[in-house]
Amino acid sequence: MNEPSTAPAPQPAPELHGESFREVFRRHAAGVAIITATYEDVPFGFTATSVASLSAEPPRFSFNMARTSSSWPAVANTNFVGVHMLSTENEGIANRFARTKDRFTGDHWEPGPEGVPILKDVAGWLVGRISMRLSFENNAVVVAEVVAGNVGPDGAPLLYHGGSYGTPTSTDYVI
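Definitions and cut-offs
Residues numbered from 1 in each chain as written. Predicted model: local features only at pLDDT ≥ 70, side-chain atom pairs only at ≥ 80, totals over all residues. Heavy atoms only, no water. Helix = DSSP H or I, 4+ residues; strand = E, 2+ residues; numbered from the N terminus. Rg over C-alpha atoms; globule rule 2.2 N^0.38 Å. Buried < 20%, exposed > 50% of the residue type's maximum accessible area, 1.4 Å probe, protein only. Contact = heavy atoms within 4.5 Å. Areas by Shrake-Rupley, 256 points an atom, 1.4 Å probe, with all protein chains shown as cover. Lys, Arg positive; Asp, Glu negative; His and termini not counted. Charge placed at Lys NZ, Arg CZ, Asp CG, Glu CD. Core = buried A, V, L, I, M, F, W, Y, C linked by side-chain atoms within 4.5 Å.

## Observations concerning the overall build of the chain
Thinking step 1. Of the regular secondary structure elements, the chain holds three helices and twelve strands.
Thinking step 2. At 20 Å, the chain has a C-alpha radius of gyration far larger than the 16 Å of a compact globule built from 175 residues.
Thinking step 3. Here the chain holds 175 residues, and the buried ones make up 29% of them.
Thinking step 4. Across the chain, every contact between residues at least 6 apart in sequence was considered, and the portion connecting residues at least 24 apart equals 63%.
Thinking step 5. Here the chain has roughly 11200 Å² of accessible surface; of this, 53% comes from carbon and sulfur atoms.
Thinking step 6. Looking at charge distribution, the chain has the averaged site of its 12 positive side-chain charges lying 7 Å from that of its 18 negative ones.

## Remarks on the environment of Phe80
Thinking step 1. Tracing the backbone through its elements, the reader meets Phe80 in strand S6 (residues 80-85).
Thinking step 2. Taking the C-alpha atoms as reference points, Phe80 and Ala37, separated by 43 residues in sequence, lie 6.7 Å from one another.
Thinking step 3. Excluding its chain neighbours within four sequence positions, the residues that come into contact with Phe80 are Ala37, Glu114, Val116, Val127, Gly128, Arg129 and Val147.

## A short note on the nonpolar core
Thinking step 1. Ranked by size, the top nonpolar core spans 17 residues in total, and within it Ile35, Phe46, Phe63, Val75 and Val81 carry the most contacts.
Thinking step 2. Elements that contribute at least two residues to this core include exactly strand S2 (33-39), strand S3 (42-48), strand S5 (59-66), helix H2 (72-77), S6 and strand S10 (139-151).
Thinking step 3. Not counting residues up to four positions away in its chain, the partners in contact with Ile35 are Phe44, Gly45, Phe46, Ala48, Val51, Phe63, Val81, Gly82 and Val83.
Thinking step 4. Counting residues in hydrophobic clusters, the runner-up holds 16 residues, among them Val32, Ile93, Ile118 and Trp125.

Take it as geometry only, folks, not as evidence of what the structure does.
Written out as structure tokens, the structure reads:
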């Protein structure tokens, strides 16, 4: 005869709102990139952690952004964007694009293919022709097909986790 279970009944998951939602995503490490564009001959850019490879054939990438961003008018009204993958050597430029409005003063960039600002000394960059902008409330998903790119210096990738930058550490597991 089976004894009645003494284990507590599972509790429903608490609703995730505001700070709880943000805390869950702070625990998700994400690669750091910078998105750039030119609009009316003015360079724009911002730091992003939402960049993803969408397909290899044809090569496409996507990213998410707030439509309230000061860079949204450029992304919304141009045909080409750049994505720059960052290494730990690029933490300063990540901070500059995330925390200041003075993003393009200096010699850390140059005009690239299709007039897109290209950052120097990054792990790699791609220029893509925007093929889709999907707006949802105050946000947007942008998809671009790669038209140019280059691999930069090798280095440990810059990650964002728990409100600060870091880099991955090796484990004993080998693939």
